[in-house]
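# What the coordinates show
Read off the chains here:
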Amino acid sequence: MQSFRPPLPNRQPAPASCSAPPELHIASMVVHAAPRRLSDVRAAILDIAGAEIHGASETGKLVVTLEASSTDDMMAQISTIQRLDGVLASALVYQAADTLDAMNQEIDDGHRP
């Protein structure tokens, strides 16, 4: 005698959540530009949304910070800077990413009354 086995229910994985919390990606880098192209490189970096220059030397070194909403956007900003005419080299110094809520969370530094 054969035993009857009911068909298994159609088990598909639950759909992944399409609404991930917004993120903030922050990076800093040192950019070395040819001194004769420094003003052009500075202007081009400042045209990139989320980019700021915090320091520069006459020898062509720039301290740059970047903010982006995703890894892809951050990588695009870095790549754009690296490909600028006049950029000799760049070095990523710092990178952090977290949810926007976590980045905006106030942290007690122990010095408040």
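Attention here is on the structure that accompanies the text. Just so you know, the residues in each chain are numbered from 1, in the order the chain's sequence is written. Local features are withheld for residues below a pLDDT of 70 in this predicted model, meaning they are given only at 70 or higher, and side-chain atom pairs are given and counted only at 80 or more; totals for whole chains, interfaces and linings count all residues. In computing side-chain values, all of the structure's heavy atoms are included and hydrogens and water are not.

By definition, no residue in a patch forms a salt bridge, and every one has over 30% relative accessible area; like charges are joined within 9 Å, nonpolar side chains (Val, Leu, Ile, Met, Phe, Trp, Tyr) within 5 Å. Calculation of accessible area relied on Shrake-Rupley with a 1.4 Å probe; when residues are assessed, cover is drawn exclusively from the protein chains displayed. Every case where a carboxyl oxygen of Asp or Glu lies within 4 Å of a side-chain nitrogen of Lys or Arg is listed as a salt bridge. A cluster of nonpolar side chains, contributed by V30, V63, V93 and Y94, occupies part of the molecular surface with about 350 Å² of accessible area. Only DSSP runs of H or I reaching four residues or more are called helices, and only runs of E reaching two or more are called strands; each is numbered from the N terminus. Tracing the sequence through the fold places V93 in strand β4 (residues 87-99). When accessible area is computed with a 1.4 Å probe and restricted to protein chains, residues below 20% of their type maximum are described as buried, those above 50% as exposed, and intermediate ones as partly exposed. For V93, a relative accessible area of 55% translates into the label exposed.

Here we take up the pattern of salt bridges. A full pass over the atoms with the stated rule returns 2 salt bridges. Measuring nitrogen to oxygen at the nearest pair gives 3.2 Å for the salt bridge that ties R37 to D40. The partner of D85 in a salt bridge is R37, and the shortest N-O contact between them spans 2.7 Å. Taken together, the residues span a long stretch of sequence, with D85 in the loop between α2 (71-82) and β4 and R37 in the loop between β1 (23-33) and α1 (38-46) at a distance of 48 residues. Note on D85: relative accessible area 56%, which makes it exposed. Because the salt bridges share partners, they merge into one network encompassing R37, D40 and D85.

A few words now on the nonpolar core. Within the largest apolar cluster, 19 residues are counted, with the highest numbers of intra-cluster contacts made by V31, I45, L62, V64, L66 and I81. Among the secondary structure elements, those contributing two or more residues to this core are β1, α1, β2 (51-56), β3 (61-68) and α2. Residues are treated as being in contact if the distance between any of their heavy atoms lies within 4.5 Å. Dropping the residues within four chain positions of it, L62 is found in contact with M29, V30, V31, L38, V41, R42, I45, I53, G55 and A56. Residues grouped as a nonpolar core are buried Ala, Val, Leu, Ile, Met, Phe, Trp, Tyr and Cys residues, joined through side-chain atoms within 4.5 Å.

Residues L62, V64, L66 and A68 line the buried face of β3, whereas the alternating positions K61, V63, T65 and E67 sit on a face that is not buried. The rule for pairing is simple: two strands pair if DSSP sees at least two bridges between them. Two strands pair when backbone bridges link them, and β1 and β3 are joined in this way by 8 bridges, in the antiparallel orientation. Residue pairing in the sheet places H32 in a bridge with K61 of β3. Summarising the sheet, β2 and β3 pair through 5 bridges and their orientation is antiparallel. Bridging from a neighbouring strand, A56 pairs with L62 of β3. Adjacent in sequence and paired antiparallel, β2 and β3 are bridged by 4 residues, among which G60 carries a positive phi angle near 105 degrees.

These results come straight from atomic positions and should not be treated as a statement about function.
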